[in-house]
Amino acid sequence: MISPFSFVGSKVAGACRSCADVCAYIGESVCAFGGILFHPSRFRAGDFFLAFQRAAFDGLVITSGIGLLLGLILAFESAAALRMFGAEVYVSDLLAIGLFRELGPLVTAIVLAGRSGSAFAAEIGTMKVDEELDALTTMGLSPVRFLVPPRVAAAVLAMPILTVFAELAGLAGGAGVLSLMGVPFEVFVEHVTDSTGLFAVVFGLVKGALFGLAIGMVGCYAGMRAKSTADAVGVAATSAVVSGIVSIALIDGLLAVLCYICGV
Amino acid sequence: MEKQTMIQLQNVDAGYPGAVILENISFNVFKGEIFILLGGSGCGKSTVMKHMIGLNPVLSGNLRVAGLEWDFDTRTELCRKIGVMFQSGALFGSMTCLENVMLPIREFTSSKKRACCERAMQLLRDVELEDAADKMPSEISGGMRKRVAIARAMALDPEIVFLDEPSAGLDPITSAALDDLILKLRAEKGMTFVIVTHELDSIFKIADRCAMFDKSRRAMIALGRPQELKHKSEDAFVKRFFNRGSE
Ligand SMILES: Nc1ncnc2c1ncn2[C@@H]1O[C@H](COP(=O)(O)OP(=O)(O)OP(=O)(O)O)[C@@H](O)[C@H]1O
Ligand SMILES: [Mg+2]
């Protein structure tokens, strides 16, 4: 039987090692991006376009669909309460603020984590199992430099685009519900534009890009640290999704605190 | 004349963290030599090779390649001196065969794209695969993949070439052509080869020396010229190995 001390000790030592490993990975990624700024020809544009196509274009329908449903649901649920005060029209304000500032980027990011985060992890994990990462290393090429920037860039750029679609679809859903309740479309639009400034929209998109950064980084990391066994790829993909969503929640929380402190 | 040592293993324990596979192995590989790693399946040949190419650190002992130990500072320099073909081929699945061979050339030489492409085609021609240049690795056979991987390993004219089971999955004709290619490269460029193979014909044709490992004894059990090992070794396992299973 192992003593509780050695159990706790080994857990702590393992956690410290993981932390160091994550820091090394982030550092190497930063260097990789810095290197690309100085030598743009090093950027693997082919990989980028493929990842971007898969993340952004192939994800448009599902993200918009979820945005639409979200708008519908939010509108129905809030209308039920607001109707008691004869204030159905304020559903549009609620929708606009909720979608642009919070729910649009968040829901889009969760979908992207499920689609692209796991895909990055599976792709890179398979490369690891097939010794392709080892082959890169023995050629003197850093797998991080080679694989991470195109994928992360794709996720960062895909997020704002997808977010816009999710938000517009959500608004469309809300507008549909409100028109059923007798609120004219012009009034809906007026309330939406009045309640959201440019700041809220840009803030939502920047937040989305940050989420994209986290999803890309976490997905690639999970793939690179996959074990070389048969089930490793599945494990890596799962961990990419779970850690991706956790990191999204963390970033969102941090930004919320920051906004509160700055009073925006 | 003193032979130049390219790879030196001194009392090396080979394996993975927490799992020693082979204990206390020592041998040298000299410049221009074709050195074969032998042994039953799972005895640790690929493991020893992974130590030599700097993927895994040795568990204990001393390993030097071209006079240098693998560490952070020497890695870039050593990587330029070696070419590796992995047991699985390890071609990049998202690139065509030609792009696979071109990758190291483009990354490490300043040649124009055209020149890189021509060099890569020449390498593919050497392994008789110019037809497969534009195919993806998933569209060619296992043996063809290995040959593309060999072409890629040779791309930068490395000083030491590591081949993990290059002829497994090849027909006898292609396999013999591969042996000729290895001999030719050694004669022309003075390359050193470390090869894992089980093909006895090939071993007798090209090998200068071999090292044999045994899984159950977790040790290197023989080192020397293949003819000597076959005829003079007292070890039962070595005898069985060279006589295809019979004593
Ligand atoms: N990552 C690893 N961690 C721990 N043990 C491993 C690992 N990879 C391989 N092994 C073990 O190391 C031993 C030697 O494996 P290795 O791949 O070197 O064999 P090999 O001699 O190349 O065999 P083959 O001829 O089948 O390729 C095996 O028993 C294997 O179980
Ligand atoms: Mg092997």
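1. Things to note about the packing of aromatic side chains
One pass over the full model with this rule turns up twelve aromatic pairs over all chains. With 4.9 Å between their ring centres and 55 degrees between their planes, tyrosine 25 of chain A and tyrosine 221 of chain A make a pair best called tilted. Remark: tyrosine 221 of chain A occurs in helix 8 (residues 198-224) and tyrosine 25 of chain A occurs in helix 1 (residues 4-38); sequence separation between them is 196 residues. For the pair tyrosine 25 of chain A and tyrosine 221 of chain A, one class covers both residues: buried. Three or more aromatic residues joined by ring pairs form one cluster here, namely Phe43, Phe48, Phe49, Phe52 and Phe57 of chain A. Between the NZ or CZ atom of arginine 152 of chain B and the centre of the ring of phenylalanine 92 of chain B, over which it lies, the distance is 4.8 Å.

2. Some points on the packing of helix 4 (residues 91-129) of chain A against helix 7 (residues 185-195) of chain A
Residue and element names in this part refer to chain A. Packing of helix 4 against helix 7 leaves a shortest axis separation of 8 Å and a crossing angle of 45 degrees. By the criterion of interaxial angle, the relationship of helix 4 to helix 7 is oblique. Crossing geometry of helix 4 relative to helix 7 is assigned as right-handed. Every residue of helix 7 that contacts helix 4 at Ser92, Asp93, Leu95, Ala96, Ile97 and Phe100 is listed here: Phe188, His191, Val192 and Ser195. Of the residues in the contact of helix 4 with helix 7, the class split is six nonpolar, three polar and one charged.

3. Thoughts on the coordination of the magnesium ion (ligand 2)
Note on metal sites: the ideal angle is 109.5 degrees for four tetrahedral donors, and 90 or 180 degrees for six octahedral donors. Residues and elements named next belong to chain B. Looking at the magnesium ion (ligand 2), the protein donor atoms are Ser46 (OG) and Gln87 (OE1), and they sit 1.9 to 2.2 Å from it. One end of the pair, serine 46, is in helix 1 (residues 45-52); the other, glutamine 87, is in the loop between strand 5 (82-85) and helix 3 (97-108), with 41 residues separating them in the sequence. Exposure remark for glutamine 87: the relative accessible area of 34% places this residue in the partly exposed category.

4. A few points about the interface of chain A and chain B
Counting residues at the interface gives 16 residues for chain A, matched by 21 residues for chain B. Together, Glu131, Thr138 and Met139 of chain A form the three largest contributors to the area buried by chain A at its contact with chain B, with a combined 42%. Between the two partners, chain A and chain B, sit two salt bridges. Put simply, glutamate 131 of chain A and lysine 50 of chain B hold a salt bridge, and the shortest N to O gap is 3.4 Å. Taken together, chain A and chain B are joined by four residue pairs in polar contact (both at pLDDT 80 or more).

Calculation notes
- Residues numbered from 1 in each chain as written.
- Chains lettered and ligands numbered in written order.
- Predicted model: local features only at pLDDT ≥ 70, side-chain atom pairs only at ≥ 80, totals over all residues.
- Heavy atoms only, no water.
- Phe/Tyr/Trp six-rings, centres within 6.5 Å; stacked < 30°, edge-to-face > 60°.
- Helix = DSSP H or I, 4+ residues; strand = E, 2+ residues; numbered from the N terminus.
- Buried < 20%, exposed > 50% of the residue type's maximum accessible area, 1.4 Å probe, protein only.
- Lys NZ or Arg CZ within 6 Å of the ring centre and 35° of its normal.
- Axes fitted to C-alpha atoms, helices over the stretch in contact; angles between N-to-C directions.
- Parallel < 35°, antiparallel > 145°, perpendicular 65-115°, else oblique.
- Left-handed = near helix turned anticlockwise from the far one by under 90°.
- Contact = heavy atoms within 4.5 Å.
- Nonpolar A, V, L, I, M, F, W, Y, C, P; charged D, E, K, R; others polar.
- Donors = N, O, S within 2.8 Å, 3.2 Å for Na, K, Ca; no water.
- Buried area = accessible area lost by both parts, 1.4 Å probe.
- Salt bridge = Lys/Arg side-chain N within 4 Å of Asp/Glu carboxyl O.
- Polar contact = N/O pair within 3.5 Å; in protein donor to acceptor, adjacent residues only side chain to side chain.

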